[in-house]
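Chain residues, written in single-letter form:
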Amino acid sequence: DPLFLPTSQISGNQGGGVAIIDPLFAPKSDAATADLTVTATDISANGKYGIALYGASASIVRSAIRATKGNQGDAADGLIVAPRQKPAATDPVLAVKVDAGSVLTGNGRAGVLVTAAAVVDVAAEISLCGRGGVWAQGEKATVRLSKAAHLAQNTMVGVAVTGGATLDVTGARVSETKVHAYMPPAGGGPVDLADGIGIFGKARGTIRDAVIRDNPRAGVIGRDCATDAVGLPDLKIENTQISGSKYGVVISGKYGQANVAGSAAPKDKGNSYDGVAKESSE
């Protein structure tokens, strides 16, 4: 990318690339101003994390976070957004932005991991990460994927939210997730996980104008989602193309009677199961 031309390189550090940990300055009431700005920087082959934000906001512009590695049991995430060590109710919601000129690729675990009260806006490519492109958990965690975002060839899931988190996808592409053979703790044979988008554990999601293709298991899977005012899954899919998966959309859990019809139904093309597959949680 001719616009990249890194002016800094942070590479090969065992403990991580860049960390902002419990900032000593007072947390900003206006999180629109980033505590950390990274521009035209190649952050590569660091151990445990590329960038870790513990209680800090950030803006990442025309930068690469790649090939983060970890020993067995270690994290190996490209970008971590986590709370301070002693979070307070008065802490502001963090704002993290990754622009369309950036790329997070080849990280050993997640491309982006969010566990804090934060709004994380991603317009970048996230690819070839070993345990998912984006993973967010917690009631105050929100991930927004814009039109420029492309999540491709990540293992297990392109993007997943759980624990009450929120996902908002507008025009992004999620494709070609790779299979992860998961061994259930209760025993039994391995389960091949390879989903485009996952909404789990009281999380909620809105997916509009997106392209979700060639994910081997499900294009979109919702399991035990948050519910709306009438008891239906709080998972909305609008004007979206889902193709090349075993299942287009899978909803699992106990809910009221769903009404999938008309403009609210996703455009399901080329999946081996035509339409919406419902699984009982039992």
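Scroll up for the structure.
Residues numbered from 1 in each chain as written. Predicted model: local features only at pLDDT ≥ 70, side-chain atom pairs only at ≥ 80, totals over all residues. Heavy atoms only, no water.

*Asks:* Explain the sheet that holds strand S12 (residues 118-122) residue by residue, including any values.
*Replies:* Strand order in this open sheet of eight strands is S3-S6-S9-S12-S15-S18-S23-S26, and the pairing throughout is parallel. Looking at which strands have only one partner, the edges of the open sheet turn out to be strand S3 (36-39) and strand S26 (235-238). Between one strand axis and the next, the sheet turns through 5° on average, direction left out of account. In this sheet, strand S9 (residues 94-98) lies alongside strand S6 (residues 58-61) in parallel orientation, the contact comprising three bridges. Bridging from a neighbouring strand, Ala 58 pairs with Val 96 of S9. (Pairing = 2+ DSSP bridges. Helix = DSSP H or I, 4+ residues; strand = E, 2+ residues; numbered from the N terminus. Axes fitted to C-alpha atoms, helices over the stretch in contact; angles between N-to-C directions.)

*Asks:* Hey, could you go over the side chain of Asp 77 for me, with residue numbers and the actual values?
*Replies:* Here Asp 77 is to be found in strand S8 (residues 77-82). Setting aside residues up to four positions removed in sequence, Asp 77 forms contacts with Lys 48, Tyr 49, Gly 50, Thr 68, Arg 109, Ala 110 and Leu 113. (Contact = heavy atoms within 4.5 Å.)

*Asks:* Before we move on, could you go through the side chain of Thr 162 and cite the residues and values that matter?
*Replies:* By the secondary structure assignment, Thr 162 is in strand S17 (residues 157-162). Polar side-chain contacts of Thr 162 include one of 3.5 Å to the backbone oxygen of Phe 200. Those residues in contact with Thr 162 that sit more than four places away from it in its chain are Trp 135, Ala 136, Gln 137, Gly 138, Phe 200, Gly 201 and Ala 203. (Polar contact = N/O pair within 3.5 Å; in protein donor to acceptor, adjacent residues only side chain to side chain.)

*Asks:* Go over the environment of Ala 141 with me, naming the residues and quoting the values.
*Replies:* Structurally, Ala 141 is set in strand S15 (residues 141-145). Of the residues examined, Ala 141 reaches a relative accessible area of 0% and is grouped as buried. Taking the C-alpha atoms as reference, Ala 141 lies 6.4 Å from Thr 166; in sequence the two are 25 residues apart. If we skip the residues at most four places from it in the chain, Ala 141 touches Val 114, Ala 116, Ala 118, Ala 136, Ala 165 and Thr 166. (Buried < 20%, exposed > 50% of the residue type's maximum accessible area, 1.4 Å probe, protein only.)

Just distances and angles here, no functional claims.
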